[in-house]
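An overview of the molecular structure
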Amino acid sequence: MKKIAPLSLAFLIIVFMASCNMKEGLSLTGKWQSMDTDQIVEFTRDGMMVTTMDGKTNQVGYTLVNNSTIEFFMDEVKLGTFDLRVDRSVLTLVDASGKEHKYEKTW
Amino acid sequence: MDSQALLNDLTEALISGWAVTPTGTGFLITTDWTWPNGHAIEIYVRNVSEGDSLFLVTDGGELFNNFFLEGLDFTSETATIHTVKQMAQSHGTELVEYQIAKGANDSNLGLSIREMLEAVKEISFYLWQRMGENTLKH
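Predicted model only: the values in this text are computed from it and were never measured. (Residues numbered from 1 in each chain as written. Chains lettered and ligands numbered in written order. Predicted model: local features only at pLDDT ≥ 70, side-chain atom pairs only at ≥ 80, totals over all residues.)

Some points on the overall build of chain A
If you tally the helices and strands in chain A, you get 1 helix and 8 strands. In chain A, the succession of α and β elements from N to C terminus is α-β-β-β-β-β-β-β-β. Relative to its full complement of 107 residues, chain A shows a buried share of 19%. Within chain A, contacts between residues separated by at least 24 positions form 24% of all contacts whose residues are at least 6 apart in sequence. (Helix = DSSP H or I, 4+ residues; strand = E, 2+ residues; numbered from the N terminus. Buried ≥ 20, exposed ≤ 12 C-beta atoms within 10 Å, placed from the backbone. Contact = placed C-beta atoms within 7 Å.)

And the structure:
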């Protein structure tokens, strides 16, 4: 009986943590390397997307509208809405013209 | 002349006086449309996300600058600014820090530039009329 109690507690903790992860939904936070160019994209926790390519850095805001749509903005100006897919460690952004931009998670 | 020939002629005429100059961060579009003072309207296109095809299209603040240079400052005129915001929004643009701005991507950049041009031209007419009231000299 004494062995069962800690196991039950561990099971409950695992279930709790799993449910927390499910509630958090999609997270893009971290760095992503373009699979087509040298571009590196970083999504920060405070809602910014920092892109770096050829030594140039740009920064725009982003909002996850839902788990399949992301919206970019600068100041109060909406820049565009992209479809979004995350398959394991590959992020795919699809722009309004249907062009796909693929990125691989680096960390 | 048939309708297609006229359409082709119009297409050529509408942009023949324009220039697109690459800048370090995007493009400067010099149009043959003019501000009320006769100067050419220029549209600024800035690539804000390399490779992701996101652009910020603005008037570079020239709309308000031109009137300021004429001795007029509308920035404290709440009702005027409210109207300008509404006019900007009617063309899908925004008034942000006294610049007319619009987001764009690869697929709608040309249309966005046209909408920007229509917005600044219309707003400049409105402000030009307000200027005639001659009450806002700074």
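Focus on the overall build of chain B
A tally of helices and strands in chain B yields 4 helices and 6 strands. Its helices and strands in sequence order give chain B the pattern α-β-β-β-β-α-α-β-β-α, from N to C terminus. Expressed as lengths along the three principal axes of its C-alpha atoms, the size of chain B is roughly 50 × 45 × 25 Å. Here chain B holds 138 residues, and 33% of them are scored as buried. Within chain B, contacts between residues at least 6 apart in sequence are counted, and of these 50% link residues at least 24 apart.

Regarding the confidence of the model for chain A
The share of residues in chain A with pLDDT of 70 or more is 76%, and the mean pLDDT across the chain is 81. Note on residues 15-23 of chain A: pLDDT under 50 across the span, and 0 contacts to partners over four residues away in sequence or across chains. (pLDDT = per-residue confidence, 0-100.)

Observations regarding the interface of chain B and chain A
Contacts between chain B and chain A engage 17 residues on the former and 20 residues on the latter. Elements supplying a minimum of two residues to the side of chain B that touches chain A: strand E3 (40-49), strand E4 (54-58), strand E5 (94-96) and strand E6 (99-105) of chain B. When residues of the side of chain B that touches chain A are assigned to their parent elements, the largest contribution, 4 residues, is made by E6 of chain B. Here the side of chain B that touches chain A is composed, by residue class, of 5 nonpolar, 7 polar and 5 charged. (Nonpolar A, V, L, I, M, F, W, Y, C, P; charged D, E, K, R; others polar.)

As for the environment of Phe67 of chain B
Residue and element names in this part refer to chain B. Mapped onto the fold, Phe67 is located in helix H2 (residues 62-69). Measuring from C-alpha to C-alpha, the distance between Phe67 and Met87 comes to 17 Å, with 20 residues separating the pair along the chain. With near-sequence residues (within four places) excluded, Phe67 lies in contact with Leu72, Phe74, Leu127 and Met131.

Let's talk about the sheet that holds E3 of chain B
Residues and elements named next belong to chain B. With antiparallel pairing, 6 strands are arranged side by side in an open sheet as E1-E2-E3-E4-E6-E5. Both outer strands of the open sheet, strand E1 (19-22) and E5, are each paired with one neighbouring strand and no more. Averaged over all pairs of adjacent strands, the angle between strand axes in this sheet comes to 30°, irrespective of strand direction. One ladder, built from 5 bridges, connects E4 with E6; its direction is antiparallel. Its bridge partner lying in E6, Thr58 is registered against Ala101. Helix H4 (residues 109-132) rests against strand E2 (26-34), E3, E4 and E6 of the sheet, and its axis sits at about 165° to E6. (Pairing = 2+ DSSP bridges. Axes fitted to C-alpha atoms, helices over the stretch in contact; angles between N-to-C directions.)

Focus: the packing of helix H3 (residues 78-90) of chain B against H4 of chain B
Residues and elements named next belong to chain B. Where H3 meets H4, the closest approach of the two axes is 9 Å, and the angle between their N-to-C directions is 155°. Overall, the two elements H3 and H4 adopt an arrangement that is roughly antiparallel. Of the two possible hands of crossing, H3 and H4 adopt the one that is right-handed. For the pair H3 and H4, the contacting residues are Thr80, Thr83, Val84, Met87 and Ala88 in the first and Ala119, Glu122, Ile123, Tyr126 and Arg130 in the second. The residue makeup of the contact of H3 with H4, split by class, is 6 nonpolar, 2 polar and 2 charged. (Parallel < 35°, antiparallel > 145°, perpendicular 65-115°, else oblique. Left-handed = near helix turned anticlockwise from the far one by under 90°.)

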